[in-house]
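# Examining the three-dimensional arrangement
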Amino acid sequence: MSAASTTPRAAVSARQLAWRRRRETLRRGWAEFRQHRAGLVGLGILVVFVVVALAAPLLASSTDISVTRAPGGVLEHPSSTYWLGTDDSGRPVLSLLIWGARISLLVGLTATVISMVIGTLVGLMSGYFEGWGGALLFRVTEWFLVIPFLPLAIVLATVLGRSLFNIILVIGITSWPATALLIRSQTLSIKERPYLERARVLGAGRSHQIGRHILPNVMPMVFANTTLTVAIAILTETTLSFLGLGDPTRVSWGTMLDQAYSVGAITTGSWWFFMPPGICVILVVLSFTLIGQALEDVVNPRLKARR
Amino acid sequence: MTAATPTGTPATEQRPTLEANGLAVEFTTRSGAVARALDDVDVSVRPGEILALVGESGSGKTTLARTLIGLERPAAGEVRWDGAGLDYSARGLKELRRRVQMVLQDASSSLNPRHTVYDSVAEGLRLHRLVDRDPEGRSEAELVARALASAGLRPPESLFLRYPHELSGGQRQRVLIAGALALQPELLIADEPVSSLDASIRGEILALLLKLREEMGLGVLVVTHDLGLAWNIADRIAVMYLGRVVESGRTEDVLAAPQHPYTQALLSVVPEIEQLEPVVLTGEIPDPTRIPGGCRFHPRCPALADGSAEAAGVAAACAGSPLPVLPAETVGHQVACHLVAARQDG
Amino acid sequence: MTTPATTSPAPLLSMRGVSLTYRAHDRDVPAVRTVDLDVARGEIVGLAGESGCGKSTLASTILRLQPTSAQVSGEVLVDGADVLTMRWGDLRTLRWGEASIVFQGALHSLNPVHRIGRQIGEAITTHEPEVSDDDVRRRVGDLLEQVGLPRQRAQAYPHQLSGGQKQRIMIAMALACNPSLIVADEPTTALDVMVQAQVLDLLSGLVHDLGVGMLIISHDLSVLADLCDRIVVMYAGRVVESGPADRVFEQPLHPYSGALSAAFPKVGDPAARFAPAGLPGDPPDPAALPPGCAFAPRCPRAVDACSLEVPVLADHGDGRSVACWRVGEP
């Protein structure tokens with residue numbers, strides 16, 4: 001072969017190439033994403049909320065949200081001291097909102113991670129393995145799919161007590177099947193593609209086929225699905241907390257809504273108590289949805305570009 | 001690895017052979033009927049020679065290629081490599097595929113769109129840990145570059161980070177070939193290597209296959225429907241119809257003087273063939289779930305239709321008696337046809 | 001077999017100076033660059049070329065099917081009327097009534113949930129809504145027989161048919177409204193050799209029986225050589241050679257036609273044994289054409305001058321024309 005090819009460049013290692021490729025992919029992906037105004041808006045909103053959640057101790061003192069050491073009066077209107085007024089215990093609503101962001105986002109993200117991991121694994125396995133193994137996993141998925149989340153949450157809350165962990169558990173258990181079904185059908189179709197057969201011809205075993213070929217081609221769908229799942233998880237947490245199944249010692253937007261409801265904030269017109277948490281939930285869910293839509297477009301064009 | 005051997009010379013028995021003995025492969029259709037895609041086939045190919053499997057869709061040629069590399073299990077008969085039957089365990093198949101490789105049809109869908117050219121070519125190297133085993137201690141990148149260069153892609157480094165959709169059809173095909181060559185196989189099975197490519201670049205890919213035979217002593221089994229391709233590069237040819245080999249021998253013998261009515265018909269409709277009157281067969285290849293009795297070609301055979309079979313007294317045999325299976329090892333020109341057999345005797 | 005179109009009455013199809021440019025993102029992609037093409041009644045013309053040469057794009061202008069964002073110039077006259085500028089009503093009449101297309105990838109062009117008879121009948125009822133159901137059925141049956149299929153096939157669904165049968169259905173559809181011009185885009189690609197022969201026989205038979213004009217597009221020069229009266233070879237959006245079919249195939253004047261011709265070797269020719277003929281490089285990307293002759297980078301006979309100016313299509317006598325600066329030189 002041409003000896004000229006053994007220039008220093010030929011000494012580039014496979015790892016360096018892989019990194020170069022990843023950087024290039026990310027750069028291209030970001031350039032594509034930037035063109036979606038809606039996606040950028042969503043990303044902006046999300047960044048704001050994440051920053052607020054992370055910087056909560058700096059933005060609002062933790063004493064503000066303690067019921068016993070609440071600084072303000074009961075259900076005060078918004079004023080220059082308390083921008084969003086206070087709740088029925090005298091705690092500034094703005095502080096509650098900031099600290100509540102932590103819980104809502106944390107629960108949403110954690111539950112989603114659990115759901116994604118389980119869902120992807122089960123979906124891949126049930127799609128790849130024919131025979132009784134795959135069929136069994138499929139049945140299990142279907143069984144979990146029909147479990148209603150509300151009764152499950154109530155049962156868990158009754159049996160194990162009310163806690164964040166239970167909420168995360170409930171959301172995780174009830175949302176992974178949808179992902180698994182999606183991943184399974186993707187796996188079924190990818191499995192038949194010629195490049196899988198080529199991998200087999202080259203000598204690839206099952207784990208190589210799944211890990212190097214099926215999973216990377218299924219990941220785009222996983223990402224798009226993830227953003228949707230986070231949105232649903234946050235909504236679910238809000239719902240469960242609103243229904244009183246959340247952790248009473250923690251503040252989340254859902255518990256705020258629950259609290260507002262029980263003290264009749266709606267009838268007394270204390271809008272500063274129940275509207276801000278509701279709007280925050282809407283904004284966060286919207287941001288994830290917008291990001292998810294933009295991500296779908298970013299991930300797809302590479303396949304569309306095939307001649 | 002064998003040293004470069006003279007092309008087209010008959011068997012020197014040290015070279016490992018990939019052969020099919022009495023191979024039969026069946027598929028069950030949705031309605032429950034059993035389709036015999038391959039019905040008792042003997043074929044062999046060894047490094048240093050190019051064998052073309054020619055036939056139309058439904059002839060079983062692709063099934064034969066896939067069974068030879070272990071992607072399908074035979075219902076009867078066996079595949080033998082290097083003197084031993086195929087070991088269908090994961091390890092056995094992997095060992096086989098280290099030395100016998102396959103280039104699939106349609107390069108555009110045979111390459112993972114998310115893998116770069118480098119990844120696709122290195123895949124085989126990684127699976128078989130060839131970088132560790134390399135006697136000259138070359139790195140993975142060097143081996144990948146070497147494979148790409150032998151497939152005619154120069155300079156190889158410029159393609160490392162490209163994706164399949166950024167390449168032309170010809171380049172993709174070469175990448176597929178490079179991926180197979182990276183394992184330094186002794187035999188290559190190529191399924192329709194140029195049918196999806198533009199006409200003006202077909203020649204280059206075919207020339208590449210010839211060059212690999214010359215320089216590396218590679219043996220090639222080409223599956224194709226294109227008689228012109230067989231004429232261009234094949235030493236031997238086996239014509240298949242509905243799961244059986246109907247005629248085989250050296251390419252010059254079979255294509256210059258075809259004996260079987262099916263081969264004659266196929267050749268006659270190749271455009272611009274002057275010496276044969278076009279014989280356009282009616283209908284299409286029958287359903288492999290209902291293979292005709294006797295000679296499986298007899299319902300469409302022009303010799304039966306125009307009375308020559310009757311005149312030779314074999315018409316009853318054509319419809320009723322099955323034909324013997326052509327043996328794989330052949331230097332001579334062999335035909336599975338009652339009429340031809342009768343004429344040779346008479 | 002060769003009847004120069006110039007001596008007969010006005011050709012059925014006359015394309016003059018047709019150019020088509022696609023707008024892609026921010027670039028202009030010239031897919032067709034000033035092409036002249038004629039097809040007379042009862043004549044079969046072959047349009048040969050590979051991917052990216054613009055042949056399918058050119059054919060789409062015959063029925064004004066090019067994308068709306070594409071810029072087209074030149075004249076496309078079907079029976080004297082300019083397709084590119086005619087009114088919508090006239091265009092609707094033209095489409096299928098006077099000219100029809102058998103599209104590439106015909107095997108996927110059938111609606112899987114409708115029976116064949118209904119799909120063919122759709123072509124008739126769209127153009128002639130006043131035809132009664134019985135008459136439509138009768139005509140569908142006639143069309144099926146004309147393409148060599150039994151009348152009962154009208155009851156079948158597409159998935160029940162083989163590739164060759166589906167291709168015949170597409171041809172039957174193209175005949176539904178008795179057009180005078182039929183364009184067949186790669187009618188035999190993806191078909192088996194024997195089925196290909198059957199379809200080609202069918203097409204030439206139709207031309208003979210019905211006196212229609214036919215434009216066949218293919219990358220397989222040998223198929224065109226057998227079937228057509230004249231061949232026009234395109235490369236990178238331009239016509240590089242045209243002339244009587246057998247002459248273009250046997251004695252090509254343009255090096256590209258030579259390469260196309262050699263790509264499908266004559267079986268039985270000793271010179272072709274172990275000598276596959278092909279060109280280096282790839283067909284050019286229409287978005288990035290080289291200066292001068294677009295074929296120069298791959299041409300075995302190119303000299304520096306070839307990259308300076310685009311060769312002009314020049315008459316070479318005997319009804320042949322070539323666009324090459326070095327034609328006739330050794």
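You'll find the structure just up there.
A brief look at the structure comes next. (Residues numbered from 1 in each chain as written. Chains lettered and ligands numbered in written order. Predicted model: local features only at pLDDT ≥ 70, side-chain atom pairs only at ≥ 80, totals over all residues. Heavy atoms only, no water.)

### Details of the sheet that holds strand β8 (residues 213–218) of chain C
Residue and element names in this part refer to chain C. Convention followed: Each pair of strands is called paired provided DSSP finds at least two bridges between the two strands. Numbering of helices and strands starts at the N terminus; helices are DSSP runs of H or I of at least 4 residues and strands are runs of E of at least 2. Where helices are involved, their axes are fitted lines through C-alpha atoms of the stretch in contact, as for all axes, and angles between N-to-C directions lie from 0 to 180°. The contact rule is simple, with two residues in contact once any of their heavy atoms fall within 4.5 Å.
Spatially, 8 strands are ordered β6-β7-β8-β3-β9-β10-β12-β11 in an open sheet, and the strand pairing comes out mixed. One side of each edge strand has no neighbouring strand; the edge strands of this open sheet are β6 (99–102) and β11 (314–317). Strand-to-strand twist in this sheet, taken as the mean axis angle between neighbours without regard to direction, amounts to 20 degrees. Where strand β9 (residues 230–235) meets strand β10 (residues 238–244), 6 bridges bridge the pair, whose relative direction is antiparallel. Bridge pairing in β10 places Val233 opposite Glu241. On top of the sheet, helix α9 (residues 255–263) reaches β3 (44–48), β9 and β10; it is set at about 110 degrees to β9, its chief contact.

### Considerations on the interface of chain B and chain A
Rules: A simple way to read buried area is as the amount of 1.4 Å-probe accessible surface that goes missing from two parts once joined, with both sides added. By convention in these notes, a salt bridge is any Lys or Arg side-chain nitrogen within 4 Å of a carboxyl oxygen on Asp or Glu. Residues adjacent in sequence count toward polar contacts only when both atoms are side-chain atoms; beyond that, a polar contact is any pair of N or O atoms within 3.5 Å, and within protein one must be able to donate a hydrogen and the other to accept it.
Chain B puts 45 residues into the contact, and the matching count from chain A is 34 residues. In this assembly, chain B packs against chain A so that about 3,600 Å² is buried in total across both faces, 55% of it on carbon and sulfur atoms. Our enumeration of links across chain B and chain A arrives at 2 salt bridges. For Arg66 of chain B, the salt bridge identified is with Glu197 of chain A, shortest N-O distance 2.5 Å. Across the contact surface, chain B and chain A share 13 residue pairs in polar contact (both at pLDDT 80 or more).

### Digging into the interface of chain C and chain B
Frequently, the measure chosen for interface size is the accessible area removed from exposure when the parts meet. The criterion, for reference: Classification convention: Asp, Glu, Lys, Arg as charged; Ala, Val, Leu, Ile, Met, Phe, Trp, Tyr, Cys, Pro as nonpolar; all other residues, Gly among them, as polar.
In this assembly, 42 residues from chain C lie in contact with 44 residues from chain B. Summed over both sides, the interface between chain C and chain B buries roughly 3,400 Å², with carbon and sulfur atoms accounting for 55% of that surface. When residues of chain C are sorted by the area they lose upon contact with chain B, Met194, Val267 and Arg273 of chain C head the list and together hold 23% of the total. Run the count over chain C and chain B and you get 1 salt bridge. One salt bridge in this structure joins Glu252 of chain B and Arg273 of chain C, with 3.0 Å as the shortest N-O distance. Linking chain C to chain B there are 16 residue pairs in polar contact (both at pLDDT 80 or more). Of all elements in the fold, only α5 (163–175), α6 (193–210), α7 (221–227), α8 (245–250) and α9 of chain C reach the threshold of two or more residues within the side of chain C that touches chain B. Residue composition of the side of chain C that touches chain B, grouped by class: 22 nonpolar, 10 polar and 10 charged.

### Let's talk about the pattern of salt bridges
Pairs can form between side chains of opposite charge whenever their charged atoms are close. All told, the structure shown has 40 salt bridges over all chains when counted by the stated rule. Salt bridges here are not isolated pairs; linked through shared partners, they connect Asp135, Arg138, Asp142, Glu145 and Arg151 of chain C.

### Concerning the nonpolar core
Note that soluble globular proteins tend to have their nonpolar side chains buried in a common cluster. To be explicit about the condition: By nonpolar core we mean a set of buried residues, namely Ala, Val, Leu, Ile, Met, Phe, Trp, Tyr and Cys, connected to one another through side-chain atoms within 4.5 Å. Whether a residue is buried, partly exposed or exposed follows from its accessible area with a 1.4 Å probe, protein chains only, as a fraction of its type maximum: under 20%, in between, or over 50%, in that order. All domain edges in this entry derive from an automatic or database-based domain assignment.
The biggest cluster of nonpolar side chains holds 120 residues, and the ones touching the most others in it are Leu18, Leu64, Val121, Leu148, Ile189, Leu227 and Tyr262 of chain B. It is helix α8 (residues 199–216) of chain B that provides the largest number of residues to this core, a total of 7 residues. The residues that make up this core include at least three from each of domain 1 (14–240) and domain 2 (260–345) of chain B. In contact with Ile189 of chain B, other than residues within four places in its own chain, are Leu18, Ala65, Leu68, Ile69, Val100, Gln101, Met102, Val103 and Leu221 of chain B. By size, the runner-up hydrophobic cluster in this structure holds 102 residues, among which are Leu13, Ile62, Ala156 and Cys306 of chain C.

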